[in-house]
Amino acid sequence: MAKIKHNNLLDTVIEVMTNAKASGALHLYAEGESFNGRQIQIKGNKLFHFGTTGYLGLAQDARLKAGAIKAIEAYGTQFPLSKSYVSHPLYAELESLMYDIYESPVVITKNSTLGHLGVIPTVVGDNDGVILDHQVHWSVQSAVNPLKLRSVPVEMIRHNNLQMLEDKIKKLQSKCDKIWYMADGMYSMYGDYAPIKELMLLSDQYPQLHIYFDDVHGMSWKGKHGSGYVMSVLKKLPDRTILFGTLSKTFGASGAVMVCNDKKIHQRIKNFGGPLTFSVQLEPGSVGAAIASAKIHLSDEIYSMQEELLDRITYFNECLQQTDLPLITNNDSPVFYIGAGMPETGFNLVNRLIKAGYYVNTGIFPAVPVKNTGLRITISRNNEKEEIKGLVEAIAENFPKSLADTHTTLERVHFAFGKIDKKVAVSQIPKTSLSLEYYDTIEKVAPELWNKTVGSHGFYDWTGLLSLEHVFKSNDLPEHNYKFFYYLVKDEQDKCILATFFSFGLWKEDMLAPRSVSEKLEKERSNNPYFHTTTCLCMGSMITEGEHLYLCQEDSNWQEALNMLLAQLEILEKKLHPQYLILRDFEPDNEPVKTFLHNKGFVRVAMPEAAIYSAFDWEDQKGYLNTLSKSSRKHFRKDIEAFKDTLQIQVQQKISEIELEKCYDLYVAVKKNNLGLNTFSYPFSLFQHMNVSSQWEFILLYLKEKNMQLAGVMFCYKNANNIYAPAVVGMDYEFSREYNVYRQLLYQTILRAKELGNSRIDFGLTAGFEKRKVGATVIPRCAYFQTRDNFAMEALDWLRND
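Source: prediction; values computed, not measured.

**Some points on a nonpolar patch on the surface**
Consideration 1: Taken together, the side chains of Leu81, Tyr85 and Val86 make up a nonpolar region of the molecular surface, amounting to roughly 310 Å² of accessible area.
Consideration 2: Relative to the helices and strands, Val86 is located in the loop between helix 2 (62-75) and helix 3 (91-102).
Consideration 3: By relative accessible area, Val86 is classed as partly exposed at 40%.

This is how it looks when you write it as structure tokens:
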């Protein structure tokens, strides 16, 4: 029944990146006729460079440059031939040197992305399984995707969560020959590490477990011969471990290297590694530079370089300790992350630092959750202590200014990263001419005000919400209990600028996921009913549909009012700890609100279309038909009018208990069939309330030729604002197609609203095609959300692509 345009993670990423580009924090161009590694020129300004991944500064080493030039002069700019046929003369020397660095067999690849695409599908068998750390590099995740076409099970765990990893291993061990866990050695955003020793203990405990490390960010600056962070812990590579290092980034050249002690796997990849077999090999210049770098790595000079870098890292840490800047992870890696929280705060701070003469990277979604935007700072041997100190001073000076510019506080930044720092003073709400009112029940809100603002939609007028408060409390099942919160923002003249309500409860994480995802999860939920469920603080509620936010955008203070609401929601989040914060239902083309919420760290996602009907300017069926399109009139005669003599329609204010149970069963049937919008079922007590409330009524559809079989029911609410709201539907699927039950109910709803003299029908979400056919106007809707981390969203995205 429900035809829904589902969200794709890539669409969300593109939207966030586009916003970052517009802010001037992304997709910049370096300038100048030369580059020394210490400074980078952007928009005419020479900036001290704290955004490199070349931590040892080898890219500017004269020996690497000379090696590249010599190779190009000898062999040309490229060697245009697949390695499967002939490798150019320098390859053998490079492979030998890389073997000496790792003391293990290696395979050279064009880059790590292409390397993963070649290696992972080759080493993972059809009877194997894969477990991903949810922060493992995108290039690894991308290479795993094709495995799903071979029905290889792919699971995901929260970052470095060993208990969750062990649970997944136990789940897969009876189904899989090998279980591959894939992780980074050093993670590129926060500079934290994989728990190498603990993973090796797990590998000893579970012989099926194989480890696949991407350690490109740990390369060169750590380990014997610069073999990387993973090797600095392992010393010798275990047989059931595959390691990827890099010849670019810190290594200073170009390319990547796979390391593996398993001779069968090594030969399998070398003989046929997918794209590694047919792709053009590394250019002679890259190989020449890599050979020069490898020789440095095999000399004692690499250790003095590592020491010089460590000295700068230590100094940077010492400088940071003199400030109250929110450093997210304390470690000894060359990557540091200072939290900014909201994207607009991070963008503001990056641009301020550029003006002060410093370049740093912006950490943004999807590499981090949207509200975990921050400064990703890297330290290299090119940086002198003078500019390291200057950078810290510039951040310390400009950070409070960026907070003020974007109406946030250090306390809120700490909260965004899940850190409660007792040293941070509780921030005062900035002075404003507006006032915010908060209530925990609709009873404390004036009915007239509410019904003029938020309550003019659906069945959440004042009386409707009072009923929902009573229905959704003190129930046996957790998913049937909501907490409600109400917010009003007024100006000095007591004019309402903003009004809304929120609910807190348990949600299914796949609510807006494709049906295929929900079908898989529902199978799991037959034994584990709360699998992939989580708490959500949501504008509106799970059961209500429509515009839940009244916002007077004609008032010049609307942004300030929305800021006040978001600040209050953070206070509520501290108490409730929801996984998601969701604002819904919005018009997608409301650009001012879209920009505002993007800058505050909200990600936009598509929602099912809503539909309304207000074309009541007709008196009879002929007049009604004239309001429809030609094709809709044809559908009406074929799918609705043709069955009028076989149906009996009843509108009842109250029905018997037996009839109510039948209606509830029909609702449950629709609920189970409509996985395109997958929610928990509503409690029977809601329907019992409908049966005793004067504002609810039932449109019942009986089949005359089936001994008055009840085939459908529409549960309808009469809103105080003269709006009719068919809120819930029930159908018997044995007869739904034969008699077009859903369209019949839609048409009968229009007739009933016409009879009551209503001005509008709020048809709610989904089934836009069906509603168009009876003359409804379909309206696109979207929501904006924040999440404490990206795990649930990425895990569901894996399921959707399965």
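So, next bit.
**Structural notes on the packing of aromatic side chains**
Consideration 1: Throughout the structure, instances matching the rule amount to 37 aromatic pairs.
Consideration 2: Ring geometry for Phe586 against Tyr784: centres 5.4 Å apart, planes inclined by 80°, an arrangement best described as edge-to-face. Separated by 198 residues along the polypeptide, Phe586 in strand 19 (residues 580-586) and Tyr784 in strand 26 (residues 777-787) bring together distant segments of the chain.
Consideration 3: The exposure class assigned to Tyr784 is buried, which follows from its relative accessible area of 0%.
Consideration 4: Clustering of aromatic rings is evident, with ring pairs tying together Tyr664, Tyr667, Tyr682, Phe684, Phe687, Phe698 and Phe715.
Consideration 5: The side chain of Lys508 reaches across the aromatic face of Phe680, ending 5.1 Å from its centre.
Consideration 6: Over the ring of Trp618 we find Lys754; its NZ or CZ atom is 5.1 Å from the centre of that ring.

**Notes on the pattern of salt bridges**
Consideration 1: Applying the stated criterion across every chain, the model contains 37 salt bridges.
Consideration 2: Between Arg63 and Asp61 there is a salt bridge, with its nearest N and O atoms 2.9 Å apart.
Consideration 3: Here Arg63 falls in the partly exposed class, since its relative accessible area comes to 38%.
Consideration 4: Using a relative accessible area of 14% as the deciding quantity, one classes Asp61 as buried.
Consideration 5: One salt bridge connects Glu437 with Lys490, and the closest N-O pair in it is separated by 3.3 Å. Taken together, the residues Glu437 in strand 14 (residues 435-439) and Lys490 in strand 15 (residues 483-490) connect sequence positions 53 residues apart.

**Details of unusual backbone geometry**
Consideration 1: Following Arg584, the chain continues to Asp585 via a peptide bond in cis, the omega torsion being -5°.
Consideration 2: Among the secondary structure elements, Asp585 is positioned in strand 19.
Consideration 3: Residues other than glycine seldom take positive phi values, yet Lys235 does so here, at roughly 70°.
Consideration 4: Overall, Lys235 belongs to the exposed group, its relative accessible area being 62%.

Reading the values: the criteria
- Residues numbered from 1 in each chain as written.
- Predicted model: local features only at pLDDT ≥ 70, side-chain atom pairs only at ≥ 80, totals over all residues.
- Heavy atoms only, no water.
- Patch = residues over 30% accessible without salt bridge, like charges linked within 9 Å, V, L, I, M, F, W, Y side chains within 5 Å.
- Areas by Shrake-Rupley, 256 points an atom, 1.4 Å probe, with all protein chains shown as cover.
- Salt bridge = Lys/Arg side-chain N within 4 Å of Asp/Glu carboxyl O.
- Helix = DSSP H or I, 4+ residues; strand = E, 2+ residues; numbered from the N terminus.
- Buried < 20%, exposed > 50% of the residue type's maximum accessible area, 1.4 Å probe, protein only.
- Phe/Tyr/Trp six-rings, centres within 6.5 Å; stacked < 30°, edge-to-face > 60°.
- Lys NZ or Arg CZ within 6 Å of the ring centre and 35° of its normal.

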